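# Structural overview for review
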Amino acid sequence: MPKGYLIFELNCHLPFVKSSTPGEYPEENWLNDAISNTYLPLLRTLRNLDTGSVPFKLTFTISPTLASMLADPVLQERFVSYLDSRIALGEKEVERTASEPEKNKLARMYLEAFLRNKTDFISLYGMNILNGFNELQKNGKINIITTFATHCYLPFFQSYTGSVEAQIFTAIETHTTMFNSTPRGFWLPELGYRSGIELTLSKFKIDYFFTAVHAFLFGSKVPANGIYAPVRVGESDVYAFCRDLASSMYVLSQDDGYPGDFAYREYSHDISGELDSEYLGRSIVYPDGSRVKSGFKYYSNTDSCHDAKQIYDAGKVADIVKNHAENYIYNLKKRVKKLLRYTDRPPVIVCPYDAQVFGHWWYEGIDWLKAVITELASDSELSLIYPEDYLAKNKCEENISLSFSSCGNGGYSGDWLNGTNDWIYRHIYSITDKMTELANRFPDETGLKRRALNHAAREALLTQASDWPFIIKSGIASPFASRQINEHVYNFLKIYNDLSGNTVDTEWLTNVEKKNSLFPDIDYHIFKG
Amino acid sequence: MTKNRLQSLSLSDLITLAQQQGIINPADMEREDLIDSIIDAFEESRLEKLEDDNWTIQSMYRKFDIFQDEEISLEKVAEIPDHFNASKVEILLVNPLMAFVFWEYGDSSRDIAQKCSRHNNLLLRVHEKNLSDNSESFFDIPIKFEENKWYINLPSNGCQYYIELICQLTTGDKVLATSNKIESPLKITRDIVSSESINRSDFLVLAGVYGFYDDEDGSGDNSQKIVSFLNTGSIREGE
């Protein structure tokens, strides 16, 4: 029996972004890059491990917005166009770098990766990579859980319990449709916890969720096993698992973690910052002159003390990846050994990571994950486990009231509420109130009015995404995030005002339904108070 | 931000952008100097943001950071109403020490609020209820009619707060709106260690933060210790 357990939770989420016309929003590349850099290579690796009979158990959160985009035929077609543009650029890069062997080798490597992605996407997954996740889940290798429908930041919806329930209901409906299973676990976006959510989750038959460290530390008492065993939350029958900080550092820190190794590929330096727009093409350089990264990156994380950038050597990193995987496991086992002096059961170390850390930012991250899984497969002391399996094996009846917390800076809500983004909340709350009003005012509508009401519910949920205040604060694509909020507010209010005047603008409604096309089966009654 | 991108913009757009970045007197600068200053301002802002953020937040930025150029916004976003014709006040907990309050007036209360404001009689009343002994108190924050939001410090830990938007009339206080309730959960590590049968080093091991930071003064009496190791923290594994 292992001395300790490891829960790997890979969080897959992006906000819903779909333009009316192809190439209108550079931000659609958030999805394209995620599929190309993370999800397809990750699925390939996990399939190979599965085929090779390597045992593993990973927990995935796939958010309803991301799942909706991955299943959207229009966005699937656009992803193929994205791959075609990168393949065309790759062919030009192979030619351009012909006189520079090191760069040329990398250009060929990237070109092959894009070609492989295209084959997998079209032939293996039939344009929908959710098929890949479903197959792994069916084989018992991954366990998929859900999160709020549009990834709202829970602590700001404490007073809007009806809306929180609408978020959970829609999430579970979407999850059940997409993954043919009902989720037992729930990811609280940004690990944002507020007291009482456990009772709501219990109503929806959710068994567990995850929190930040100080939810446990500043709760009603310090749990007997600290953060290394789940606790039963408040008066509910729902359990909370707590994130381990140190294991986050190894993977997330550029300075102190593995991804900053000088031999690894650098994320930020991309040919799109160097070459002319005509060469790069329309998929990289947008009509307003702005550029997105192309994926062709030739440099390593060169020591900042050196002036000259070093060319990335992909052949040199395999041993380093293996060393980092071994070091990770060594450190976790050392911790387990120490913890066993304090805990009354095998400790469980919870390691949640944004999936896009692997492959997208940390290029070698997927190989590192593979090495960790392979090492753990033959390790007798430490074992991967699903949260529900840990709960089944270990009686965790310690009852704790948890504290308000998040994974944000300072551990609370400042990233989602500050001087840059506080203007959005009066709109969001007003719309949430008005949606409840509509649901009560129109208890039994059919036909066109029902369509309008259902779309109003969609827009109300979309305003609540935690991504927009976060992006506004970050300074990356802030104007876009502001426009998204404004668009959802505008769309909602148009429907609200039209319904008040007993009219529906059919043509306009059809267009916005096509654009914000998620949650096709939404029923506006979920907002009924 | 790439130089190419900025060179494609008109001088007036560059000046607008420079003003947004806080560059002083951009209209007096040469075009090339202006472009260099804007690039420096963007880079400085980017580095500042990364330095201030914890690992998790940095990793979240990276998945959105696919742009070679920051998005330039020279157009106004679509107009949406700035108020919704309802007398309302809301309070949101930012952290255990601070809350955000916003409010607005409906048609029926706008006139009276404006009159009260002229006589300095418009205020936010912050109600505080101590959850351990149920004692209640309040304090007032005078506001102006033109204002619609405030960040307020929460003076005590373990308390429930709510806000009343009030006009003080000669006939008595008129409550225009009452907010939701929030709880300030501030608890300090010393409280935990002293109130429970657990010593400090055991506490740190069980919290997964043993060896995360040097406890310089040993007092452990500040919850913001959490902030220090969440945000930065040179980490080593415990022995």
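Given the structure is predicted, the values throughout are model-derived calculations rather than measurements.

Before going further, it helps to spend a moment on the domain arrangement of chain B. Partitioning chain B into structural domains gives domain 1 (3-64), domain 2 (88-184) and domain 3 (189-231). For domain 1 of chain B and domain 2 of chain B, the distance between their C-alpha centres works out to 38 Å.

Glancing now at the pattern of salt bridges. Enumeration over the complete set of coordinates arrives at 36 salt bridges over all chains. Here E135(A) and R47(A) are joined by a salt bridge, their closest N and O atoms 2.8 Å apart. A residue pair is termed long-range when its members are at least 10 positions apart, and E135(A) in helix α5 (residues 130-138) and R47(A) in helix α1 (residues 29-51) qualify at 88 residues. Among the residues examined, E135(A) registers a relative accessible area of 36% and is labelled partly exposed. Given a relative accessible area of 23%, R47(A) falls into the partly exposed group. Here K322(A) ties to E326(A) by a salt bridge, and the two come within 2.8 Å at their closest N and O atoms. Taken together, the residues K322(A) and E326(A), both in helix α11 (residues 318-339) and 4 residues apart, mark about one turn of the helix. The partly exposed category is assigned to K322(A), whose relative accessible area is 44%. When its relative accessible area of 30% is taken as the criterion, E326(A) is described as partly exposed. Salt bridges sharing partners connect three or more residues here, namely D415(A), K473(A) and D53(B).

Residue and element names in this part refer to chain B. With respect to burial, strand β2 (residues 98-104) is a largely interior element, 6 of its 7 residues being buried. Inspection of the sheet shows strand β1 (residues 88-95) paired to β2 by 7 bridges, in the antiparallel sense. Within β2, the residue paired with L92 across the bridge is F100. Remark: 2 residues form the turn of the hairpin made by β1 and β2, two consecutive strands paired antiparallel. Pairing of β2 with strand β5 (residues 149-153), which is carried by 5 bridges, proceeds in the antiparallel orientation. Looking at β5, one finds that A99 is bridged to I152.

Residues and elements named next belong to chain A. Annotation of chain A at the domain level lists domain 1 (4-71 + 128-257 + 313-410) and domain 2 (416-527). Taking only C-alpha atoms into account, the centre of domain 1 sits 29 Å from that of domain 2. On the side of domain 2, 28 residues touch domain 1, which itself brings 32 residues to the contact. Buried area between domain 1 and domain 2, both sides added, is near 2,600 Å², and the carbon and sulfur share of it is 66%. The largest contributions to the domain 1 side of the interface with domain 2 come from F16, F156 and Y160, which together make up 23% of the buried area. Across the contact surface, domain 1 and domain 2 share 0 salt bridges. Linking domain 1 to domain 2 there are 10 residue pairs in polar contact (both at pLDDT 80 or more).

To continue, consider the interface of chain A and chain B. Counting residues at the interface gives 99 residues for chain A and 73 residues for chain B. Connecting chain A to chain B are 6 salt bridges. In this structure, D53(B) engages K473(A) in a salt bridge whose closest nitrogen and oxygen atoms are separated by 3.4 Å. Connecting chain A to chain B are 25 residue pairs in polar contact (both at pLDDT 80 or more). Those elements that provide at least two residues to the side of chain A that touches chain B are α1, α8 (213-217), α9 (245-252), α11, α14 (424-441), α16 (467-474) and α17 (478-500) of chain A. Considering only residue class, the side of chain A that touches chain B consists of 41 nonpolar, 35 polar and 23 charged.

All names here are of chain A. Judged by which residues are buried, strand β5 (residues 208-211) turns out to be covered on both faces: Y208 and F210 on one side and F209 and T211 on the other are all buried. In this structure, strand β4 (residues 185-187) lies alongside β5, joined through 2 bridges in parallel fashion. Among the inter-strand pairings, G185 is bridged to a residue of β5, identified as Y208. The parallel pair β4 and β5, bridged by helix α7 (residues 197-203), forms a crossover whose chirality is right-handed.

Okay, the side chain of R426(A) next. As for its position among the elements, R426(A) is in helix α14. Relative accessible area serves as the criterion here: at 9%, R426(A) is assigned to the buried category. Once you skip the residues sitting within four places of it in the chain, R426(A) turns out to touch D82(B), F84(B), F102(B), W103(B), E104(B), N148(B) and K149(B).

Strands sit in the order β1-β2-β5 (chain B) across an open sheet of 3 strands; the sheet is antiparallel. One side of each edge strand has no neighbouring strand; the edge strands of this open sheet are β1 and β5 of chain B. Each strand axis lies, on average, 20 degrees off the axis of its neighbour in the sheet, ignoring direction. Relative to β1(B), α14(A) is tilted by about 125 degrees, and along the sheet it contacts β1, β2 and β5 of chain B.

Residue and element names in this part refer to chain A. Counting 219 residues, the largest nonpolar core has F8, W30, F60, Y328 and W368 as its most contacted members. In terms of residues, this core owes the most to one element, α1, which gives 10 residues. Beyond its immediate chain neighbours, meaning those up to four positions away, W368 contacts F8, V251, Y258, V321, H324, A325, Y328, F358 and W362. Counting residues in hydrophobic clusters, the runner-up holds 18 residues, among them Y5, V350, Y390 and C407.

Time to look at unusual backbone geometry. The backbone phi angle of S53(A) is positive, close to 60 degrees, even though this residue is not glycine. Unusually for a residue other than glycine, N134(B) sits at a positive phi of about 65 degrees. As for its position among the elements, N134(B) is in the loop between β3 (122-130) and β4 (136-142).

Scoring rules and cut-offs
- Residues numbered from 1 in each chain as written.
- Chains lettered and ligands numbered in written order.
- Predicted model: local features only at pLDDT ≥ 70, side-chain atom pairs only at ≥ 80, totals over all residues.
- Heavy atoms only, no water.
- Domains from an automatic or database assignment.
- Salt bridge = Lys/Arg side-chain N within 4 Å of Asp/Glu carboxyl O.
- Helix = DSSP H or I, 4+ residues; strand = E, 2+ residues; numbered from the N terminus.
- Buried < 20%, exposed > 50% of the residue type's maximum accessible area, 1.4 Å probe, protein only.
- Pairing = 2+ DSSP bridges.
- Contact = heavy atoms within 4.5 Å.
- Buried area = accessible area lost by both parts, 1.4 Å probe.
- Polar contact = N/O pair within 3.5 Å; in protein donor to acceptor, adjacent residues only side chain to side chain.
- Nonpolar A, V, L, I, M, F, W, Y, C, P; charged D, E, K, R; others polar.
- Right-handed = clockwise from strand over helix to strand, strands pointing away.
- Axes fitted to C-alpha atoms, helices over the stretch in contact; angles between N-to-C directions.
- Core = buried A, V, L, I, M, F, W, Y, C linked by side-chain atoms within 4.5 Å.

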